[in-house]
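One letter stands for each residue in the lines below.
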Amino acid sequence: MQEMEIYSRLMLLLSLQLLNERLMGAEGTKMDEDFLKMEKSVAIIQTLLIELLSQTIEFLQPNPAYRAKLSMLKTVSRIRGQDTSVGYPQTEGMLGDCMLRYGQELGAASEFGGALTGVGEALQQVGKARDALDVSVKCTFIDPLQDLHNTELKDIKYQLKKLNGRRLDFDYKRRRKGKVPVEEVRQAWDKFITSKDLAERSMFILLENDVDQLRHLAALVGALMEFHRHAHRILLGLQGNLQASFPLSLPLSLSCYVCCPADSKPVLDQPCCRAIYSFHPNHDGELGFSEGDVIILTSQVDNNWYEGSLGNQSGVFPISYVDVLVPLPLP
């Protein structure tokens, strides 16, 4: 009981000391400029992490109603002792489910029904790619930053709070010179310096190793690139299938978009492919192109090379650099 009273009195004195500094302009012990710069940088990092994590989750799961529903379902599952994981309903997958359902109702005899089924299956694949994106971003970006916020930054925040308390204690005892034993003042100073060194070292380590956070940013960008690359392949294949299966039913503008560049004539159902990477020829006889160009296929040279033409140029190019929209006829 006596210890609690002493602690309460000490906290009251510290509060009064802080109030005195703020209201009366009393001069307190000041930190050096480097310390203050580090403290400011750490405060910025702490604030940005909170907002960055929130915005990233909202980017992956933009519908707040679904986020709330999933949170409730997971809580109920934990209470019931169930270990099932409820996935976020990706919009691509939901649209794909709708198309599949009506495509099946229309039946195989309907060209529109068949097209709906094909598009629905492709969108379901895009939805699965979004699921993979969510998992990847969570593991390589959200979790590491959350861990940083909950460990190092939390520890630094605690140390700075403790340091401020010891600073106030030292300043209070220093101002009561003659009324407080010299040994108590010295002990208060030692505790203040110890806390300052600990806080300074922790902040220095965090800021010195901020290059580690670049790795997490790179992982986020890599996950986004992989998702868009995968979705791009899925949708290009879908367009090729639609063009091959229903060439006469597609609008001319769509046929042109699928299988020809803007400055060439429509190739309609001719064998063609779209470049997923730019290719710069190294030898005579090779065909150069840029990412997104649509190339008319002439033949397949071997397992690694196609022969084709783009505008007035023709030559061979690597198979791995393109996605086939309309395949070559079987020999």
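Described in the following lines is the structure provided in the data block. (Residues numbered from 1 in each chain as written. Predicted model: local features only at pLDDT ≥ 70, side-chain atom pairs only at ≥ 80, totals over all residues. Heavy atoms only, no water.)

Bringing the overall build of the protein chain into the picture now. Looking only at helices and strands, the protein chain has nine helices and five strands in total. Sequence-ordered secondary structure for the protein chain, helices as α and strands as β, is α-α-α-α-α-α-α-α-α-β-β-β-β-β. When the 331 residues of the protein chain are sorted by exposure, 33% land in the buried category. The contacts in the protein chain between residues at least 6 apart in sequence include a share of 63% that link residues at least 24 apart. (Helix = DSSP H or I, 4+ residues; strand = E, 2+ residues; numbered from the N terminus. Buried < 20%, exposed > 50% of the residue type's maximum accessible area, 1.4 Å probe, protein only. Contact = heavy atoms within 4.5 Å.)

This next bit is on the nonpolar core. Core analysis: the biggest nonpolar cluster contains 37 residues, and Phe35, Val137, Leu153, Leu160, Leu163, Met203 and Leu206 have the highest contact counts within it. Listing elements by their share of this core, those giving two or more residues are helix H2 (33-60), helix H5 (111-150), helix H6 (152-175), helix H7 (182-208) and helix H8 (211-245). Broken down by element, the residue count for this core peaks at 13 residues, all from H5. Apart from the residues lying within four places of it in its own chain, the contact partners of Leu160 are Phe35, Glu39, Ala199 and Met203. Counting residues in each nonpolar core, the second largest holds twelve residues, with Phe279, Leu297, Phe317 and Ile319 among its members. (Core = buried A, V, L, I, M, F, W, Y, C linked by side-chain atoms within 4.5 Å.)

In space, the five strands of this open sheet follow the order E4-E3-E2-E1-E5, with antiparallel pairing throughout. With one partner strand each, in any of the chains shown, strand E4 (313-318) and strand E5 (322-326) form the two edges of the open sheet. Strand-to-strand twist in this sheet, taken as the mean axis angle between neighbours without regard to direction, amounts to 40°. Note: strand E2 (residues 294-300) against strand E3 (residues 305-310), four bridges, orientation antiparallel. (Pairing = 2+ DSSP bridges. Axes fitted to C-alpha atoms, helices over the stretch in contact; angles between N-to-C directions.)

Below, the discussion takes up the packing of aromatic side chains. Tallying each qualifying case throughout the model produces nine aromatic pairs. Taking the centre distance of 5.7 Å and the plane angle of 45° together, the rings of Trp189 and Phe192 count as tilted. A residue pair is termed a helical-turn pair when its members lie 3 or 4 positions apart in one helix, as Trp189 and Phe192 do in helix H7 at three residues. Given the relative accessible area of 2%, Phe192 is considered buried. Geometrically, the ring pair formed by Phe279 and Trp305 is edge-to-face, given 6.4 Å between the ring centres and 70° between the ring planes. Of this pair, Phe279 sits in the loop between strand E1 (272-275) and E2 while Trp305 is found in strand E3, placing the two residues 26 residues apart along the sequence. These aromatic residues form a ring-pair network of at least three members: Tyr277, Phe279, Phe289, Trp305, Tyr306, Phe317 and Tyr321. (Phe/Tyr/Trp six-rings, centres within 6.5 Å; stacked < 30°, edge-to-face > 60°.)

Let us now look at the pattern of salt bridges. Scanning the entire structure with this criterion turns up eleven salt bridges. Here Arg186 ties to Asp190 by a salt bridge, and the two come within 2.7 Å at their closest N and O atoms. On the criterion of helical spacing, the pair formed by Arg186 and Asp190 is a turn pair, its members being four residues apart in helix H7. Residue Arg186 is classed as partly exposed on the basis of its relative accessible area, which comes to 42%. Among the residues examined, Asp190 registers a relative accessible area of 34% and is labelled partly exposed. Across the pair Glu226 and Arg229 runs a salt bridge whose closest N-O atoms are separated by 3.2 Å. Of the two residues, Glu226 and Arg229 are both situated in helix H8; the distance of three residues between them amounts to about one turn of the helix. One network of salt bridges, in which partners are shared, links Asp32, Lys196 and Glu200. (Salt bridge = Lys/Arg side-chain N within 4 Å of Asp/Glu carboxyl O.)

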